[in-house]
Amino acid sequence: MNYNPEKHLDTIVVADCLEYMRSMPDDSVDLVFGSPPYEDARTYGIGYRLKGQAWVDWMVERWHEMQRVSRGLVVMVVEGRTQNYRWSATPALLMADLHRAGYHHRKPSAYHRSGIFGSGGKDYFRNDYEFCVTTCKPGRLRWSDNTACGHPPKFRPGGSPSYHAKNGRVKKRTYKPPTLANPGNVIHCKVGKGHMGSNLAHENEAPFPEILAERFVRSFCPPGGIVLDPFIGSGTTAAVAIKHGRHFI
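Residues numbered from 1 in each chain as written. Predicted model: local features only at pLDDT ≥ 70, side-chain atom pairs only at ≥ 80, totals over all residues. Heavy atoms only, no water.

**A short note on the pairing of strand 1 (residues 31-34)**
Next up, step 1: Side chains Leu31 and Phe33 project from strand 1 onto one buried face, and the interleaved Val32 and Gly34 project onto a second face that is buried too.
Next up, step 2: In this structure, strand 1 lies alongside strand 2 (residues 74-78), joined through 3 bridges in parallel fashion. The partner of phenylalanine 33 across the bridge, within strand 2, is valine 75. (Buried < 20%, exposed > 50% of the residue type's maximum accessible area, 1.4 Å probe, protein only. Helix = DSSP H or I, 4+ residues; strand = E, 2+ residues; numbered from the N terminus. Pairing = 2+ DSSP bridges.)

Encoded structure:
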């Protein structure tokens, strides 16, 4: 199925995401956000069984199209698998392969959510976060509002801040608290029944909460802009886009 901007805006399109994105023009959306299959953790009813480097290669091929069509960020929530006391490291391998291929990373955000029971086994920490791997085209983003999900500053000025420069520590700066503080790159989310934003989310095998999508939609897609989620699942990204005055594909 080929991209049709008149028919497919604010529409969930059933198609192969790679083929569909290849039909889209360059820079045709403002943000790509979503979450692909986590290796062979689930089959999604289609027998999906890629793992390790094969999964990374599969993702890199799709990442090329996601970044080509996005004039802003591409953000994918990803996680590896731990089996026989060994983590697959696929998020790190994906970031490394994208870096070597010339993609411009922004430091990934951490999706901090309720830990998975038993995920640390009997000898290690419970897993409480997942990576939000993030790339963009070179240079400053065309549009952002990085305090859209901000909060009032927690601390009052306590003196002249300083920083370390090549010639030593500099103390000539003054600090004026902003109206809203930058929320930072650790996104704290409650998950599970009653915390996802919609009961429909639980019809997907691996939903993420609306608050996670909101951080990126509100901060990196302008009002009236377009968000693309190639792995739409139960439609969380689409629901958040509608809620905040954005379009979706």
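**With respect to the sheet that holds strand 2**
Next up, step 1: Pairing is mixed across the open sheet formed by 7 strands, whose spatial order is 9-5-6-2-1-10-11. Two strands in the sheet have a free side with no partner beyond their single neighbour: strand 9 (186-188) and strand 11 (247-248).
Next up, step 2: Relative to strand 6 (residues 129-136), strand 5 (residues 104-112) runs antiparallel, the two being bridged by 7 bridges. What sits directly across from histidine 105, in strand 6, is threonine 135.
Next up, step 3: Its contacts with the sheet put helix 4 (residues 90-100) on strand 2, strand 5 and strand 6, and the angle it makes with strand 6 is roughly 10 degrees. (Contact = heavy atoms within 4.5 Å. Axes fitted to C-alpha atoms, helices over the stretch in contact; angles between N-to-C directions.)

**Brief notes about the confidence of the model for the chain**
Next up, step 1: Of the residues in the chain, 88% reach a pLDDT of 70 or more, and the chain-wide mean stands at 89.
Next up, step 2: Per-residue pLDDT, averaged within each element of the chain, yields its smallest value for strand 8 (residues 168-170) (68) and its largest for helix 4 (98). (pLDDT = per-residue confidence, 0-100.)

**Focus on the environment of glycine 150**
Next up, step 1: Following the sequence through the fold, glycine 150 ends up in the loop between strand 6 and strand 7 (163-165).
Next up, step 2: Distance from glycine 150 to threonine 179, taken between C-alpha atoms, is 9.0 Å for residues 29 residues apart in sequence.
Next up, step 3: If near-sequence neighbours (up to four positions away) are discounted, glycine 150 is found in contact with Leu180, Ala181 and Pro183.

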